[in-house]
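One letter stands for each residue in the lines below.
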Amino acid sequence: MTSPDLNLLFALDVLLAEGSVARAARRLRLSPSAMSRTLARLREATGDPLLVRAGRGLVATPRAEELRRQVGRVVQDAEGLLRPAELLDPRSLDRIFTLRTNESFVEEFGPRLVTRIEADAPAVRLRFALKSDKDAMSLREAAIDLEIGVAGETGPEVRIQALFRDRFVGAVRAGHPLAESKVTPERYAAGRHISVSRRGRETGPIDEALRGLGLQRTVVCMVSGFSAALAMARASDLIASVPERHTTGARAGMHSFALPVTTLDVTISLLWHPRLDADPAQRWLRDCVREVCAGR
């Protein structure tokens, strides 16, 4: 059985509304003969004459009157499906958005992001998910609405937009010996350090830069997050090396200094799947994240 031509629904709606082949043809910008052929196809599809001659005009059959009540609603629904999404009213949103990012981003930017979103959409809730299961599939399946962080290996279809660049700085407790004078590569390397790695790695780009100067630092412990590193450095003589913008608030009251070795800045990006591009609520959410990260 062949599928029906759904274009006939739009023609039927106009024919029944106009009650005239000629007027329906003008409205659909067809020739009268083309409209007559369409009426013939409708009669064949429905098994009913639909419009019959009565004097000099046409009148609808009982079956056509029955269809009139249904087809208008179907056509209206179909047209609504094919229109672009309407302008968003954030105050009407009642949704949970899931953002995958690290703890430092949540601690530094989370409060401002929640405040920004509450101002426009008080019924929206944010769920911050840790980056332990970073993969493109979660974005593709909409288990994650947005990912925020360093863009690594992702699916080729994932959208990526840079938010800001961040550089690493050193942080020690107030009164630490490194706070008393200029931090040289030698003084920095001679200290006792905390390494931050979700994968438990002891060395990284900082160690490579020190090796280039013939130096090596001593790592006495490893943690999985920058907050833990700062908490330990605040209560000891250990040195934490952390991203500057991610930890502005967490370093309050500590002594911070530029690293005495050259390391590459990191680019923090926004990642999402293009299947969410046309959703006005998703576009609004991405705008909110961009504004907060830009300090607006």
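Residue numbers restart at each chain and count upward from 1, following the sequence in its written direction. For a predicted model such as this one, the threshold for reporting local features is a pLDDT of at least 70, and the threshold for listing and counting side-chain atom pairs is 80 or more; totals across whole chains, interfaces and linings nevertheless cover every residue. Calculation of side-chain values draws on the structure's entire complement of heavy atoms; hydrogens and water are dropped beforehand.

Asks: Break down the overall build of the protein for me, with residues and values.
Replies: Secondary structure elements are taken from DSSP: a helix is a run of H or I of four residues or more, a strand is a run of E of two residues or more, and numbering for both begins at the N terminus. Tallying secondary structure elements over the protein gives 10 helices and 12 strands in all. Using C-alpha atoms as the atom set, the radius of gyration is obtained and then compared with a globule rule of 2.2 Å times the number of residues to the power 0.38. For a compact globule of 296 residues, the expected C-alpha radius of gyration is about 19 Å, and the protein comes in at 32 Å, more than 25% above that figure. Along the first, second and third principal axes, the C-alpha atoms of the protein reach 105 × 35 × 25 Å. Within the span of the protein, comprising 296 residues, buried residues form 39% of the whole. It only takes one pair of heavy atoms within 4.5 Å for two residues to be counted as in contact. In the protein, the share of contacts with a sequence separation of at least 24, taken over all contacts with a separation of at least 6, comes to 73%. The accessible surface values rely on the Shrake-Rupley method and a 1.4 Å probe; as for residues, cover is taken only from the protein chains in view. If you sum the accessible surface of the protein, you get close to 16,800 Å²; carbon and sulfur atoms cover 52% of it. Distance from the positive charge centre (44 side chains) to the negative charge centre (37 side chains) of the protein: 4 Å. Exposure is judged per residue with a 1.4 Å probe applied to protein chains only, and the accessible area is read against the type maximum: over 50% gives exposed, under 20% gives buried, and values in between give partly exposed. When charges are tallied, Lys and Arg are placed among the positive residues and Asp and Glu among the negative ones, while His and the ends of the chain are skipped. Taken as the charge centre is NZ of Lys, CZ of Arg, CG of Asp or CD of Glu, depending on the residue.

Asks: Describe the nonpolar core, listing the residues and the values that go with them.
Replies: Each nonpolar core is a collection of buried residues, namely Ala, Val, Leu, Ile, Met, Phe, Trp, Tyr and Cys, held together in the definition by side-chain atoms within 4.5 Å. Ranked by size, the top nonpolar core spans 23 residues in total, and within it Leu 99, Ile 148, Trp 284 and Val 289 carry the most contacts. At the level of elements, β3 (96-100), α5 (103-120), β5 (146-149), β6 (159-166), β12 (266-272) and α10 (280-293) are the ones that each hand at least two residues to this core. Considering every element that reaches this core, the biggest residue donor is α10, with 7 residues. Those residues within four positions of Leu 99 in sequence are excluded, and the remaining contacts are Leu 113, Leu 126, Arg 127, Phe 128, Ala 129, Leu 146, Ile 148, Leu 285 and Val 289. In this structure, Ala 11, Ala 24, Leu 51 and Leu 67 belong to the second largest nonpolar core, which totals 18 residues.

Asks: Just give me the short version of unusual backbone geometry, but keep the residues and values in it.
Replies: Positive phi, normally seen in glycine, also occurs at Arg 29, with a value near 60 degrees. Tracing the backbone through its elements, the reader meets Arg 29 in the loop between α2 (21-28) and α3 (32-46). The backbone phi angle of Leu 50 is positive, close to 65 degrees, even though this residue is not glycine. Of note, Leu 50 is situated in the loop between α3 and β1 (51-54).

Asks: Give a detailed account of the layout of surface pockets, specifying residues and quantitative values.
Replies: Using a 1 Å grid laid over the protein atoms alone, points where a 1.4 Å probe fits but cannot get out form a cavity; open sets with protein on both sides within 12 Å along at least 5 of 7 lines form a pocket; any residue with an atom within 4 Å of a point counts as lining. Grid points are joined across faces, edges and corners, and a volume is the space filled by probe spheres set on the points. What the largest pocket holds in volume is close to 1,400 Å³. In this structure, the largest pocket is lined by 39 residues; those nearest its centre are Phe 168, Val 196, Ser 197, Arg 198 and Phe 226. Going through the elements one at a time, α5, β8 (192-196), α8 (205-212), α9 (226-234), β10 (239-243) and β12 are the ones with two or more residues in the lining of the largest pocket. Note that Gly is not counted as nonpolar here; it falls among the polar residues with everything else outside the nonpolar set of Ala, Val, Leu, Ile, Met, Phe, Trp, Tyr, Cys and Pro and the charged set of Asp, Glu, Lys and Arg. In terms of residue class, the lining of the largest pocket is made up of 12 nonpolar, 16 polar and 11 charged. The calculated volume of the second largest pocket comes to roughly 300 Å³. As for the second largest pocket, its lining consists of 14 residues, and the residues nearest its centre are Leu 9, Leu 12, Leu 42, Ala 45 and Thr 46. Within the residue set of the lining of the second largest pocket, elements represented by two or more residues are α1 (7-18), α3 and α4 (62-82). A total of 5 residues in the lining of the second largest pocket trace back to one element, the largest contributor, which is α4. Split into classes, the residues belonging to the lining of the second largest pocket amount to 10 nonpolar, 2 polar and 2 charged.

Asks: Which residues make up the packing of α5 against α10, and what are the values?
Replies: Lines are fitted to the C-alpha atoms to define the axes, a helix being fitted only along its stretch in contact, and any angle between axes, read from their N-to-C directions, falls within 0 to 180 degrees. At a closest axis distance of 9 Å, the pairing of α5 and α10 adopts a crossing angle of 125 degrees. Relative to α10, α5 is oriented oblique. Between α5 and α10 the crossing geometry is right-handed. Where α5 approaches α10, its residues Phe 105, Phe 109, Arg 112, Leu 113, Arg 116, Ile 117 and Asp 120 are matched on the opposing element by Trp 284, Leu 285, Cys 288, Val 289, Glu 291, Val 292 and Cys 293. Classifying every residue of the contact of α5 with α10 by side-chain character gives 10 nonpolar, no polar and 4 charged. The cut-offs work like this: below 35 degrees is roughly parallel, past 145 is roughly antiparallel, 65 to 115 is roughly perpendicular, and the gaps in between are oblique. When the near helix sits turned anticlockwise from the far one by under a right angle, the crossing is termed left-handed; a clockwise turn instead gives a right-handed crossing.

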